[in-house]
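What follows is each chain in one-letter form.
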Amino acid sequence: MRSLSLAGLALAAACSAPLELPKLDEVTPYAHPMDLPAVEGLPELLTLSTGETVRTQRDWQSARRPEIARTVEHYVYGAAPEPPAEVRAVRMEECMTEDGKAWREQVRLHVADGVWIDLLIYSPVGVKSAPCFLGLNFNGNHATTHDSKVMLTESWMADSRGGRDGAANDEQRGMKAERWDYEQALAKGWAVATFYHGDIDPDTWVTEDGIRAPRSKSVTPGEHSWGTIRAWAWGLSRALDHLIENPRIDGDRVVVHGHSRNGKTALVAGAYDERFAGVISNHSGCGGAALSRPARGETVERIVTVIGYWFTEAFWSFADREEHLPLDQHFLLALIAPRPLLVCSAIEDDWADPLGEYEATRAAAPAWELFGVGGFETTGFPETGELVGSMPAYHVRDGGHSVLPEDWTLWIDWADRLVR
Ligand code: GCU
């Protein structure tokens, strides 16, 4: 479905080595999901599998964090391969924008055989090495802006996203521009980088294309193989590899953010790649910042039935059995400690379960406390518009499931204060 350009053909050869997927069962003996006992309440964040209590940063970093990281990938998202030995970056375009306020760069990153990311970067003119927001988009880079110089994605595009016969087209240009407030970020000295999540893995059950396609795999998919969310998160890390090398960007201040499924992915990227300096999830809901138990809004059963390819097959076994999960989403959030995390909800977005997002953030907070940073003292679910906690932080606004300019205002203010 995806046609390689001539330049792409020449360069893709550099990345033809198969990706090695870790075999999780060989690392730690895990129980089969169907044999796991029901857990009363939430699984304990600070209790090691040996039953010992985690009291210090050192216990966390050396023992509990690795244990949680493995459990979360084993049962929910799957494990990702190591970074490829070499990612060829081809600068497809670089120019100042017409208004003279930003540099626009379009860089193609060849991450595996026949798989590339087209990274769009806007950075503020006159700022030397700007901090940067990095996030995935749903409809192609060209849909995030009315800037006609942005290339159409060559990756498969569902008709439901504005594609025609599986391809991107000019009519999609700017269709999601209101969700990408480049102007505000640039005016405040931030760069913004984005790529289409379909460049890494198509958002569909069919795996003919993308990084999880059989030709990119070195092992037969099993019940703990990576799902699409982990693959997208791996792609974000490849974009970060580039941003770290990019002289216009401050590689120590890259905040990964995302809305909805891309918010789930931002959390996974931040959890497994400690080079991300901060993480923002917007309305990420089930399989993201919201607890799986109690089941409110979208349930595990619903998500694995309709969009199960986002997760491991092991996760499918918890449909209607979430009380048997040996983890909950506060484990994922805690992997981000001690770096800044901001969880955002919208009060009318019942599907993403604002209360479950708040409770997961609160339940993850003890991980930050071990580092003596921040805190999450609240008097309960906050009023809309009130930012609670510092590390981690939680915010719920009025309205529904979307990204608004006021969300960017909140993110930039928060990042200006905490991401250094
Ligand atoms: C669906 C899905 C959610 C997801 C959302 C989105 O509603 O059920 O889990 O977050 O799509 O990504 O827009």
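Residues numbered from 1 in each chain as written. Predicted model: local features only at pLDDT ≥ 70, side-chain atom pairs only at ≥ 80, totals over all residues. Heavy atoms only, no water.

## Structural notes on the packing of aromatic side chains
- By the definition in use, this model includes 20 aromatic pairs.
- With 4.6 Å between their ring centres and 35° between their planes, Phe-133 and Trp-190 make a pair best called tilted. Linking Phe-133 in strand β4 (residues 130–137) with Trp-190 in the loop between α4 (182–187) and β5 (191–196), this pair joins segments that are 57 residues apart in sequence.
- Taking the centre distance of 5.9 Å and the plane angle of 45° together, the rings of Tyr-358 and Phe-376 count as tilted. Taken together, the residues Tyr-358 in helix α10 (residues 354–369) and Phe-376 in the loop between α10 and β9 (387–388) connect sequence positions 18 residues apart.
- Here the aromatic residues Tyr-77, Trp-205, Trp-232, Tyr-309, Trp-310, Phe-311, Phe-315 and Trp-316 are joined through ring pairs into a cluster of three or more.
- Above the face of the Trp-234 ring, Arg-238 is positioned so that its terminal group lies 4.9 Å from the ring centre.
- Sitting over the face of the ring of Trp-103, Arg-248 holds its NZ or CZ atom 4.4 Å from the ring centroid. (Phe/Tyr/Trp six-rings, centres within 6.5 Å; stacked < 30°, edge-to-face > 60°. Helix = DSSP H or I, 4+ residues; strand = E, 2+ residues; numbered from the N terminus. Lys NZ or Arg CZ within 6 Å of the ring centre and 35° of its normal.)

## Focus: helix α5 (residues 228–245)
- With 18 residues, α5 should cover 26 Å at 1.5 Å per step; its first-to-last C-alpha distance of 26 Å lies within 8% of that length.
- Burial runs high along α5: 15 of the 18 residues are buried. (Expected span 1.5 Å × (residues − 1). Buried < 20%, exposed > 50% of the residue type's maximum accessible area, 1.4 Å probe, protein only.)

## Notes on the state of the cysteines
- A complete count under the given rule lists zero disulfides for this structure.
- Residue Cys-132 stays outside any disulfide, its sulfur separated by 18 Å from that of Cys-344, the closest cysteine. (Disulfide = S-S within 2.5 Å.)

## Structural notes on a negative patch on the surface
- A cluster of acidic side chains, namely Glu-348, Asp-350, Asp-398 and Glu-406, defines a negative patch on the protein surface.
- Mapping Glu-348 onto the fold places it in the loop between β8 (341–346) and α10. (Patch = residues over 30% accessible without salt bridge, like charges linked within 9 Å, V, L, I, M, F, W, Y side chains within 5 Å. Areas by Shrake-Rupley, 256 points an atom, 1.4 Å probe, with all protein chains shown as cover. Salt bridge = Lys/Arg side-chain N within 4 Å of Asp/Glu carboxyl O. Lys, Arg positive; Asp, Glu negative; His and termini not counted. Charge placed at Lys NZ, Arg CZ, Asp CG, Glu CD.)

## Description of the sheet that holds strand β10 (residues 393–397)
- An order of β1-β2-β3-β5-β4-β6-β7-β8-β10-β9 is seen for the 10 strands of this open sheet, with the pairing classed as mixed. In this open sheet, the two edge strands, each paired with only one partner strand, are β1 (88–96) and β9.
- Two elements, β4 and strand β6 (residues 249–259), share five bridges in a ladder whose sense is parallel. Within β6, the position partnered with Leu-134 by the bridge is Val-256.
- Packing of α10 onto the sheet brings it into contact with β8, β9 and β10, and relative to β8 it is tilted by some 165°. (Pairing = 2+ DSSP bridges. Contact = heavy atoms within 4.5 Å. Axes fitted to C-alpha atoms, helices over the stretch in contact; angles between N-to-C directions.)

## A short note on helix α3 (residues 57–77)
- Its 21 residues place the ends of α3 only 26 Å apart at the C-alpha level, less than the 30 Å of an ideal helix rising 1.5 Å per residue.
- At Arg-64, α3 is deflected by roughly 40°, the largest bend along its length, and proline Pro-66 occurs up to four residues later in sequence.
- One or two residues past the end of α3 sits Gly-78, with phi positive at roughly 85°. (Bend = angle between axes of the 7 residues up to and from the residue.)

## Re the pairing of β10
- Of all the five residues making up β10, five are buried; the element is thus mostly covered by neighbouring parts of the structure.
- Relative to β10, β9 runs antiparallel, the two sharing two bridges. Of the residues in β10, the one forming a bridge with Leu-387 is His-395.
- Linkage of β9 to β10, two consecutive antiparallel strands, is achieved through a turn of four residues, within which Gly-389 is found at a positive phi near 75°.

## Re the site of the ligand
- Looking at the ligand, the residues that line it are Phe-138, Ser-260, Arg-261, Lys-264, Glu-298, Arg-302, Ile-303, Ile-307, Trp-310, Trp-351 and His-401.
- At 2.8 Å, a side-chain N or O of Ser-260 approaches an oxygen atom of the ligand.
- Between an oxygen atom of the ligand and a side-chain N or O atom of Arg-302, the distance comes to 3.1 Å.
- Contact with the protein chains covers 82% of the free accessible surface of the ligand, which is 320 Å².
- Elements represented by at least two residues in the shell around the ligand include exactly α6 (261–272) and α7 (300–307).
- The element that contributes the greatest number of residues to the shell around the ligand is α7, accounting for three residues.
- Looking at the shell around the ligand, its residues break down into five nonpolar, two polar and four charged. (Near = heavy atom within 4 Å. Polar contact = N/O pair within 3.5 Å; in protein donor to acceptor, adjacent residues only side chain to side chain. Nonpolar A, V, L, I, M, F, W, Y, C, P; charged D, E, K, R; others polar.)

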